[in-house]
Each structure stands twice: as C-alpha cells, then as structure tokens.
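Chain residues, written in single-letter form:
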Amino acid sequence: MNGWKLVYEEFNPQQEALREALCTLGNGYFASRGAAPESSAGGTHYPGTYIAGCYNRLQTQIAGETIENESLVNASNWLALTFRIENGNWFDVGNVNVLSYHQELDIKQAILTRTIRFCDPDGRHTRVDQRRLVSIEHPHLAALETSIHAEDWSGSIEVRSALDGQVVNAGVERYRDLNKRHLNPGTAESIADDTFWLEVETSQSRIRIVQAATTRLWRGEQCITPAPAVDQAEGYIAHHYQTRLNPQQPLRIEKVVALYTSRDHAISEPGLEARKAIARAPTFDVLASCHNLMWKQLWQRFDFDIEHDDPEEEEKTERNLRLHILHLVQTISPHVMDLDVGVPARGLHGEAYRGHIFWDELFIFPLFNLRMPEITRALLRYRYRRLDEARRAARIAGYRGAMYPWQSGSNGREESQRLHLNPKSGNWIPDNSHLQRHINAAVAYNVWQYYQVTRDMEFLSFYGAEMFFEIARFWASIASYNKRLERYEILEVMGPDEYHDAYPTAETPGLNNNAYTNIMAVWVLLRALELREILPSKRFTELCQLMNLSSEEFEHWDKVSRNMHVPFHKDDSDNDIISQFEGYEELKEFGWEGYREKYGDIQRLDRILEASGDSANNYRASKQADVLMLFYLFSSEELGELFTHLGYPFEYDTIPRNIDYYMRRTSHGSTLSRVVNSWVLARADRPGAWPLFAKALDSDVADIQGGTTSEGIHTGAMAGTVDLIQRCFTGIETRGDVLWLNPSLPEGLSSLTLNVRYRQHLLGLYVTPSRLRISTEPSEEKPIRIGIVSDIHEFKPGEVREFQL
C-alpha cells in the first residue's frame, strides 16, 4: 500500500462500478467517472460525466401519480475511445484473456492510469497503457492518452474516437422506472481530420452542452493522424482511423476534449468557445505539467501528516484521508468561486440523490473554512441567491422568514421526492423527508462558522446577516406557544434520524418537538440577536429597514429562545436522557440481535421493516445520530450555556449517558452516523473512537453500505472523516473571536501535523498526546487570540510556541 495511490491489480467486473466512482476525476466544473474508455453503460460499466449545476426536470407516471424529478444530468461521454485489430471485434476487456491488469489512481496528481496485457482469441499479445486527467488548471479541458503495443504481431488496427450524446441517466437501479432521457441531440460536425464536435441540449432547462475533441495518432515524435471515416448519428459522432502496428513501435493516441455550456460566463456561445479552446489546447504532457503544479499547490493547503503506533494503520489512514480530500476538492475546487453551484451530497461522481444539495454542507464547510475559506464563501452564496425562493416557500407553508428546502437543485425549490422506491419490497411509498426543517439551522450554522473563522464582515453584512435574520424569523414563526407547558414548541417536523417521520398510529406525517431541531432553533435565535452587536451599526440599521425588523420582533425572538420546550424522558432512571422527540420513550424497544441474526446487515432497517409490513416508526431505533448531533456541533461548554439559557439542568453525566443510550439504538444507516459517533466518543475521551473513525474512513473505499458508493461518493462522510483529524482530535473551536484548541488524540495516534488558516493567518499545528506546538507564518496581519484548553494567548505573525498538555 502507498499513502498516495489507490491501486487495483486485477479486473473484477463485480467491483467495476465502485472503482469507477472512486477513480472519478474532476475539477469543480465537471467530473468524469473512472470508467474504461472502451466501455458503454451496461451491467458492468457506467461512464458518466457531470457538470456542476447542470440540472434538468422530467415527469413520470408512478403509482397513479405524475411526479417531477430534477436531476444532475449525465452529459455526453467524451471518453469513448477503442480499437480493433485486423477488423476483429472492438476491444473489450471482458472478452479477452487478461494476462495482467494494473489500475492506479495517483492521488497526489489526480491522474488515472491503466495497463492491460491481454491475449486475444487469435493468440496475439498486446499491451495497452492509458493515462487520463480532468485539468484542474484549465476547467474546460480533459485528456486521455492511450498507447498500444503489439508484442508479437504486425497488422492493421482501427481506432474509434467518439463523442456520445445518446447517454441517459441510468446509474441508479431504483430510479430506472423514472424517465431518464435528459438530452436532445443538436449539431454534430467533423471539422478537420483530427477534430470534431457535438452539441446536445437538456430537454427542460435548455442548457446547451458542447464538447469539441481532437484525436491525434503518434509514432514516437511523429504525428501520423490519417484522414478518418466519419460515423454520425443523432447525438453521436465518431472518427475512425486506420493504420498499421508492429512490435517495433507502439501507437500513441492523444484525445483532448473541451467542454462548455450555455451557463458559462464570458462566452459568446458554447460551440464557438469549445472549438476555439480545442484549437488552442496543448498536448497531454503540457496539460499534465500545469495540472500537476496546481495540485501540488493545493496539497500544500490541504495535506496533513499523522503518526500511528501501527505503520500499516498509519499508511491506510493517510491514503484514505487523502483520497477523501482529492474527491472533495475535485467536487468543489477553487473554480467554484466563479460558479453558481452547491455541494451535491454524492459529489459529481454519480446520480444518487439526483445530484441534489442537502445538509451535508454542515460536515463539508468546516474543512474548507480552515483551509480555503474562499470556496465556502462561494458556496454560501449559492444559498443566498436562492433566498427569495426560501422566502416564498415559507409564505406558502404559512410561516414568515425563509424556509430552505431539504433537497435543493437548480433554483432552490424543494426537490425532495413525494414517493420513493423501497428496493427490498418493490413498493413506492410516501417520502416525507421535506419535513426536515433543521436544514435551515444548518444554513445559518454554516454562515456563522464561516464568519467566526474568517471575520469576513463584507460577506456577513451583505449576504450572511440577511439569510440569518430570515432563518431566525422562520424559527420564531414556526414555534407555537403551549399554554400547558408554558413553553414554545415546534410541531410536525422530522429530525436527522429519518427512520421516524410520524407517530405509530398517526394519519398525518410529522413529529413534535424534535430535540435537535428545537435546540438548533434556539441557537439560531441567540446568534441572530448577537448579530445586532457584530454588524456595523449603519448596515444593521439598513437591514432593519429593508427587512422591516423591529425591536418588538427581536424581543419575541429573545422570548422564544428562553422558553423553547426540550423533551426529556419521563422515567426517573432516564430523566436526563434528552428525548429524540416528544413521545420517543413510549415507543417499543427493538430486537436488535434477532434482526442481525436474521438479516446480517441491518443498516437500512427501515427498508427491512417496511418490506415485512412493519415500520421503524414503532421502535426506539435510529438510522443515524439525531440527539448526538448536538454533541457533534457544540462543545459541552456551549451546550451548558444553551440549557442554562433555557432553564434546564445540564449535568456532567448528561453527555455520556445520552451517548450510551442512543449509540445502542442506532443502525448507522447513514455514512454520516459513524462520523458523528466517532466525534462524540473522541471528545468525551471514550474508548471506541478510533475503530468508529476507521470504519467511517472505509465507508466509500470498502463500500460498507453494500453498493451505494458506485452511485456516487458520500461527500459529507468524506469531509467529516478529514474534519475529525482537523478539528476533533485537535479540539479546534472558533467562537468569541478566539481560536480554541484542546487536543485529545485517540489511543494509537502518536502525532498529528497540519496547517490551518484563521483570520488570514496561516498556522502550523503539531500535536502529540503531551504537547502542542503552534507556529504562525510571518505577515502584516494583526495579532490573533488563541485559547489553549482554558487560557487565552495573543499570537503575532511569525511566532512559534509550545504548550504542555
């Protein structure tokens, strides 16, 4: 194993879809799965290219209803390149005798290579070497290099290079009953012996997508590209090249592609720009040189170093963490700073969740806040641009302020499906996940955390505060006063758990007083009130005028924040257990062991129960952390302050008792669950944090959910594992204009080295179980305050200090 390589030494058709997702290459503008260039979508392979923000809507008749789904579109396949020898069959790795196979993702350089030696049915031995990249330097360019070596034969060879716009969205089995043809064919044209281009258009959103390609054949340093035969159909164009091959000199094929859409800035029209870009495009080697330089610079910002007592564990951990960083940066690279896009929960790596944006930002932004906060700023503006749509959604639902959707796509409307398929039963069942109103707290939390790290007053003044105030207004309006309790409550919502969307005998969906939702609403209201003192007075006055914010409204927010109801178990032995929602303790206990014996993997317990005519709503069983999310987002000090503000007790044992209670009742049906549980165990200094962390690290690489990663990576879990290293094990918190550190390395981890950015200062951190060294880069910035455990120190640029822990 190598800390910078993801290597496969055999061709395994059953694993190919997973490998395609894990070997995806991208640059923030678009990404392409690591499918073999000669492959087409079918049982083994699924080539897919996804462009950030490129959505389209289609309608389908399902279960007697017309439903409309918006999806991230699978764009034309630019990779398509294959060959055949002596007019035989087109090369297919599945139809030859593979003698050796090596596929390698170079994580440091974001280049995918593949080498295959095979013997064909006629006894000829051939070696194929391939390299590909999606340029991080030039966001519209990608390239594929293929070298074919005839080891013991001479003869004719035909090369086919294509752009295939006949593709559909068929990468997720449970979506295949839905309409999936998003692309309408447009112009296709061959304009030179080595150049052709293809235009398609999305059927509803009318986004024009243009790819232009050059294909050049080389022997050594000599370009020998012959005149091609052109194969053309609706939505498809290919060049066929005939030449000869012998053992003395391999044939090298370079395919470079330019991709533009009608959404792009500073263009006349996408076809013109694509043809212009491909005419100017350099060779593969030149593209690779610039690409490698930019990745080197990015790794200087994002890399880290760990030392573990077990060298194998150390190397595996570093490799998987770097793989996670690679995929996150490929999804939201510096190029997103100039794009109107969010972070798809499954990256640009597949079609699961239809490319929608959920609450995963809550787990992703902390990594970027402390490494490259400019990316977070751009992604928060995606939410700001959709603020009016959120206001409209709140009004329609009968509330004030802004109500962001649980699933967001092109324009910020609610994209959550009304029905979803249970693949275990084949039933289409109601989907009530749009009731997860806690997404609004996540948006506000992300704004606050970004400001705390950067002190970006311009962003806060002109974007962040307006969102924050409207979200606070929403929480104050959705909260209703219960005279019996003499407290406010929030009714008919869902929490993060997702197994529970209704009470067992209820005819309508929704739960009352989800503890996570209620406490997050209080936190939002308190921070909104705090903004009155943070914002420049003139800008605060302007916002009050523009938004019609009055002193009476602020007083109401304060009243709600002090009197929100938080449910606790009523049983005397559990009276410090925070109820996941009102009535949770009245549900039946679940027979975990029996179901594990019967079904083995019960991560998706909800599907198992529905298929047998039962429901997770009947049981104290959670898909993922819900109450425990509070311990993930807030320190014990912050939670103590919140509970004191609310007039509830918060004892020393409250956190460990709640951790024990809910971990015993969680199936980990979400990849985020182990991230959260590992975090809370680590911060509580409890055993088991590292094994859960290691399991979370394997979520995608080992596809522990049994087939989901092939449909797209899990960006939240990937970022969450890196953030465990970055913030959890270092104890980093950003609050009160202080960068707090309280390191606690899990057993086995002997040191941790990383760089973070805080308020324009670049800090180097070196942590061991007994000491902490902090260095600051020389600059002209003002001093910052850094808290170590409980003491605050002022740091000037260029200082190095060491502390005993």
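Attention here is on the structure that accompanies the text. (Residues numbered from 1 in each chain as written. Predicted model: local features only at pLDDT ≥ 70, side-chain atom pairs only at ≥ 80, totals over all residues. Heavy atoms only, no water.)

Looking at the overall build of the protein
The helix and strand inventory of the protein stands at 20 helices and 31 strands. The globule rule puts the C-alpha radius of gyration for 805 residues at 28 Å, and the 27 Å found for the protein is close to it. With respect to the three principal axes, the spread of C-alpha positions in the protein is 85 × 65 × 60 Å. The burial tally for the protein puts 63% of its 805 residues in the buried class. Of the contacts made within the protein by residues no fewer than 6 positions apart, 68% connect residues no fewer than 24 positions apart. Looking at the protein as shown, the accessible area adds up to about 30100 Å², and 44% of this sits on carbon and sulfur atoms. (Helix = DSSP H or I, 4+ residues; strand = E, 2+ residues; numbered from the N terminus. Rg over C-alpha atoms; globule rule 2.2 N^0.38 Å. Buried < 20%, exposed > 50% of the residue type's maximum accessible area, 1.4 Å probe, protein only. Contact = heavy atoms within 4.5 Å. Areas by Shrake-Rupley, 256 points an atom, 1.4 Å probe, with all protein chains shown as cover.)

Description of the sheet that holds strand S19 (residues 304-308)
Strand order in this open sheet of five strands is S19-S26-S27-S28-S31, and the pairing throughout is antiparallel. Edge positions in the open sheet fall to S19 and strand S31 (800-804), since each of these has one partner strand only. Averaged over all pairs of adjacent strands, the angle between their axes in this sheet comes to 15 degrees, without regard to strand direction. Looking at chain direction, strand S28 (residues 771-776) and S31 are connected through five bridges and run antiparallel. Bridging from a neighbouring strand, arginine 773 pairs with glutamate 802 of S31. (Pairing = 2+ DSSP bridges. Axes fitted to C-alpha atoms, helices over the stretch in contact; angles between N-to-C directions.)

Considering empty space enclosed by the protein
Under the counting rule described, the total for this entry stands at six cavities of 30 Å³ or more. Counted as a void, the largest cavity has a volume near 130 Å³. What lines the largest cavity is simply Leu58, Thr60, Asn69, Ser71, Asn169, Tyr175, Leu178, Asn179, Lys180, His182, Glu351 and Arg354. Where the lining of the largest cavity is concerned, the elements lending two or more residues are strand S4 (49-62) and strand S5 (65-75). (1 Å grid on protein atoms, 1.4 Å probe; cavity = no way out; pocket = protein on both sides within 12 Å on 5 of 7 lines; lining within 4 Å. Points joined across faces, edges and corners; volume = space filled by probe spheres on them.)

Describing the layout of surface pockets
If a probe as big as a water molecule is rolled over the atoms, it shows which places are left empty. The space that makes up the second largest pocket amounts to roughly 820 Å³. Contributing to the lining of the second largest pocket are 34 residues, with Ser635, Ser636, Glu637, Arg683 and Glu733 lying nearest its centre. For the lining of the second largest pocket, the secondary structure elements donating two or more residues are helix H8 (439-454), helix H15 (629-633), helix H16 (636-646), helix H17 (654-663), helix H18 (671-683), strand S24 (733-735) and strand S25 (738-741). Across the lining of the second largest pocket, the residue classes tally to 18 nonpolar, eight polar and eight charged. (Nonpolar A, V, L, I, M, F, W, Y, C, P; charged D, E, K, R; others polar.)

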